[in-house]
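# Topology and contacts: notes
Below are the chains, spelled out letter by letter.
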Amino acid sequence: EPEVTQTPSHQVTQMGQEVILRCVPISNHLYFYWYRQILGQKVEFLVSFYNNEISEKSEIFDDQFSVERPDGSNFTLKIRSTKLEDSAMYFCASRPPGHSNTGELFFGEGSRLTVL
Amino acid sequence: TQLLEQSPQFLSIQEGENLTVYCNSSSVFSSLQWYRQEPGEGPVLLVTVVTGGEVKKLKRLTFQFGDARKDSSLHITAAQPGDTGLYLCAVPTIYNQGGKLIFGQGTELSVKP
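The present account deals with the structure reproduced in this document. (Residues numbered from 1 in each chain as written. Chains lettered and ligands numbered in written order. Predicted model: local features only at pLDDT ≥ 70, side-chain atom pairs only at ≥ 80, totals over all residues. Heavy atoms only, no water.)

This part covers the overall build of chain B. For chain B, the helix and strand inventory stands at zero helices and eleven strands. When its helices and strands are written in sequence order, chain B yields β-β-β-β-β-β-β-β-β-β-β. If you line up chain B on its principal axes, its C-alpha atoms span 45 × 30 × 25 Å. Looking at chain B as a whole, 45% of its 113 residues qualify as buried. In chain B, once contacts between residues fewer than 6 apart in sequence are set aside, the share between residues at least 24 apart is 52%. When the 9 basic and 10 acidic side-chain charges of chain B are each reduced to a single mean position, those positions are 6 Å apart. (Helix = DSSP H or I, 4+ residues; strand = E, 2+ residues; numbered from the N terminus. Buried < 20%, exposed > 50% of the residue type's maximum accessible area, 1.4 Å probe, protein only. Contact = heavy atoms within 4.5 Å. Lys, Arg positive; Asp, Glu negative; His and termini not counted. Charge placed at Lys NZ, Arg CZ, Asp CG, Glu CD.)

Below is the structure:
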């Protein structure tokens, strides 16, 4: 069964360092998302991406964050200068075509980011 | 104020018991989804409900969407240890665009053998 894959599964970094989290969405999906979940808190929307551009972003997604789809398969989230509060699980998700009304998402297993 | 309120927040039961968890809101939604998340993994879609009053069954899990499409429940019959996990409800924020999902805070279920 096709699945969303994410790398790395866990990354530890120093505050102020740049981090790139990578995702390979399911191949025929058209909409891509990043969510995050701080330990013990809700799953929160960060950004949605469609047709090679951001379609929506949350207040969390400030200038330190960027997304890119550099080729036909990868979807990346970059954090330019990490802060302690960026420590969280970051989930990539994608949506199959034809589900625009109900918005079901397929999530990857997540990348745990720890900022020291 | 939370858009989606899930209750209870934590639930610990013995294998074989039945349980119901709830997802409530004062807003009306076009659809609602239930996900299950295991520790260290991403949420996995269980079901989508669309029509007010709709009931969907997935083996021992029964999902119901409220008549007014403001709330939903998940009932598990004869719970098993494999049902342990975080149960999340989520709603799309923009009808007909399938934009971002808003999640509830989840119900953490523990089923003890």
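So much for the structure itself; the text now carries on.
Another aspect to go through is the overall build of chain A. A tally of regular secondary structure across chain A gives zero helices and eleven strands. Moving toward the C terminus, one meets the helices and strands of chain A in the order β-β-β-β-β-β-β-β-β-β-β. At 13 Å, chain A has a C-alpha radius of gyration in line with the 13 Å of a compact globule built from 116 residues. With the C-alpha coordinates aligned to their principal axes, the bounding extent of chain A is approximately 40 × 25 × 25 Å. Per-residue burial over chain A gives 44% buried out of 116 residues. Total accessible area computed for chain A in this model is approximately 5800 Å², and 46% of it derives from carbon and sulfur atoms. Taking the average place of the 10 positive charges on the side chains of chain A and the average place of its 15 negative ones, the gap between the two points comes to 3 Å. (Rg over C-alpha atoms; globule rule 2.2 N^0.38 Å. Areas by Shrake-Rupley, 256 points an atom, 1.4 Å probe, with all protein chains shown as cover.)

Turning to the environment of A:Ser58, a few remarks are in order. Residues and elements named next belong to chain A. Here Ser58 shows up in the loop between strand E6 (53–57) and strand E7 (65–68). Sequence separation of Ser58 and Phe45 is 13 residues, and the distance between their C-alpha atoms is 6.6 Å. Here Ser58 is in contact with Phe45 and Leu46, once residues within four sequence places are set aside.

Okay, the state of the cysteines next. All names here are of chain B. Applying the stated rule across the entire model yields two disulfides over all chains. In this model, Cys23 is linked to Cys89 through a disulfide, with the two sulfur atoms separated by 2.0 Å. A torsion of 75 degrees about the S-S bond marks the disulfide between Cys23 and Cys89 as right-handed. Linking Cys23 in strand E3 (residues 19–24) with Cys89 in strand E9 (residues 85–92), this pair joins segments that are 66 residues apart in sequence. Considered together, Cys23 and Cys89 belong to a single accessibility category, that of buried residues. (Disulfide = S-S within 2.5 Å.)

Turning to the packing of aromatic side chains, a few remarks are in order. Two measures describe an aromatic ring pair: the distance that separates the ring centres and the angle between the ring planes. Across all of its chains, the model carries 14 aromatic pairs over all chains by this definition. Geometrically, the ring pair formed by A:Tyr33 and A:Tyr35 is tilted, given 6.3 Å between the ring centres and 40 degrees between the ring planes. Accessibility assignment for this pair places A:Tyr33 and A:Tyr35 in one class, buried. Where A:Tyr35 meets A:Phe45, the ring centres are 5.6 Å apart and the plane angle is 75 degrees; that geometry is what we call edge-to-face. Taken together, the residues A:Tyr35 in strand E4 (residues 31–37) and A:Phe45 in strand E5 (residues 43–50) connect sequence positions ten residues apart. Comparing A:Tyr35 with A:Phe45, the two get one shared label, buried. Aromatic rings pair up to connect A:Tyr33, A:Tyr35, A:Phe45, A:Phe91, A:Phe107, B:Tyr35 and B:Phe103 into one cluster. Directly above the ring of A:Tyr31 sits A:Arg95, whose terminal nitrogen or CZ lies 3.7 Å from the centroid. (Phe/Tyr/Trp six-rings, centres within 6.5 Å; stacked < 30°, edge-to-face > 60°. Lys NZ or Arg CZ within 6 Å of the ring centre and 35° of its normal.)

Here we come to the sheet that holds strand E8 (residues 71–76) of chain B. Residues and elements named next belong to chain B. Strand order in the open sheet formed by five strands is E1-E3-E8-E7-E6, with antiparallel pairing between adjacent strands. The strands lining the two open edges of the sheet, one partner per strand, are strand E1 (5–7) and strand E6 (55–58). Sheet twist, expressed as the average angle between the axes of neighbouring strands with direction ignored, equals 15 degrees. Pairing analysis gives four bridges linking E6 to strand E7 (residues 61–65), with the strands arranged antiparallel. For Leu58, the partnering residue across the bridge sits in E7 and is Leu61. (Pairing = 2+ DSSP bridges. Axes fitted to C-alpha atoms, helices over the stretch in contact; angles between N-to-C directions.)

Bringing a negative patch on the surface into the picture now. A contiguous patch of negative charge on the surface is contributed by A:Glu1, A:Glu3, A:Glu109 and B:Glu41. Relative to the helices and strands, A:Glu109 resides in the loop between strand E10 (106–107) and strand E11 (111–115). (Patch = residues over 30% accessible without salt bridge, like charges linked within 9 Å, V, L, I, M, F, W, Y side chains within 5 Å. Salt bridge = Lys/Arg side-chain N within 4 Å of Asp/Glu carboxyl O.)

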